[in-house]
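Per-entry structural report
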Amino acid sequence: MTLLQNAGGPLAVACSPAAPSTPMQPTRIVTLASDPSLQVLTATARGMIEGNFIRAAQRAFTELMSAVVEAGQHPAVRSRLGLLPDRPASLNDARCRYVAGVIFGHDLSRQIGMPERPELPLSGSLAWWPLAAGRYAVFTHQGPYDTLRSAWMAIYDDWLPHSGERLQLEVPPFELNLRTPDQVPAQALLTEIWLPLV
């Protein structure tokens, strides 16, 4: 993750070596309904180091997926995402959270399936997080996670100022992992960036 400035202040976004900048346009605008409420099982890790959350993301997803597998709920996972709820004060902000999450029974990208909230013992940082209803601009990035920085920069630097849209600053943006490293090679990873809009 890295720091980008916008009218509302700095935002945390994915980071590492940037690929060449490409024009980013939303693939769609999605409105999430408030009923049924989408509940995300989450695990949280803290620590932005040199503008990225890579270590925090690894810690959070390890805790989360270990608990899901142990509870026998891995087959019910339909969506995997990373929420970015904090505005970092610096590139080395130890308080910033990376919130790894899964949704059971509902494919968020395709908007199909009935959301579930299975009974799971909550320990460590595990918690249920309601995904905020409202409008989201959805962008698609293909390639390694370490090239996501260029996509975030193109969205905030190029698309947002010319879009006529405003960010919903009380709602965290998130990355939805459509293909993960355990499924495909790095070049074939597919990630949606969901940006909350007013």
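In what follows, the structure referred to is the one given above.
Below is a short write-up of the structure. (Residues numbered from 1 in each chain as written. Predicted model: local features only at pLDDT ≥ 70, side-chain atom pairs only at ≥ 80, totals over all residues. Heavy atoms only, no water.)

Quick look at the overall build of the chain
Broken down by element type, the chain carries two helices and ten strands. Across the chain, helices and strands are ordered from the amino to the carboxyl terminus as β-β-β-β-α-β-β-β-β-α-β-β. Among the 198 residues that make up the chain, the fraction classed as buried is 49%. Of the contacts formed within the chain by residues at least 6 apart in sequence, a portion of 74% connects residues at least 24 apart. With an accessible surface of roughly 9,400 Å², the chain has 53% of that area assigned to carbon and sulfur atoms. (Helix = DSSP H or I, 4+ residues; strand = E, 2+ residues; numbered from the N terminus. Buried < 20%, exposed > 50% of the residue type's maximum accessible area, 1.4 Å probe, protein only. Contact = heavy atoms within 4.5 Å. Areas by Shrake-Rupley, 256 points an atom, 1.4 Å probe, with all protein chains shown as cover.)

Structural notes on the side chain of His141
Position of His141 among the secondary structure elements: in strand β8 (residues 134-142). Looking at His141, the relative accessible area reads 9%, which means it is buried. Residue contacts for His141: discarding those within four places in its chain leaves Thr147, Leu148, Ala151, Leu189, Leu190 and Thr191.

Examining the environment of Ala71
By the element assignment, Ala71 lies in the loop between α1 (54-70) and β5 (77-83). Remark: the alpha-carbon pair of Ala71 and Pro121, spanning 50 residues in sequence, is separated by 8.2 Å.

Concerning the pattern of salt bridges
Throughout the structure, instances matching the rule amount to five salt bridges. The partner of Arg135 in a salt bridge is Glu165, with the nearest N and O atoms 3.0 Å apart. Of this pair, Arg135 sits in strand β8 while Glu165 sits in the loop between α2 (148-163) and β9 (174-179), and the two are 30 residues apart along the sequence. Accessibility expressed as a relative area gives 23% for Glu165, which makes it partly exposed. (Salt bridge = Lys/Arg side-chain N within 4 Å of Asp/Glu carboxyl O.)

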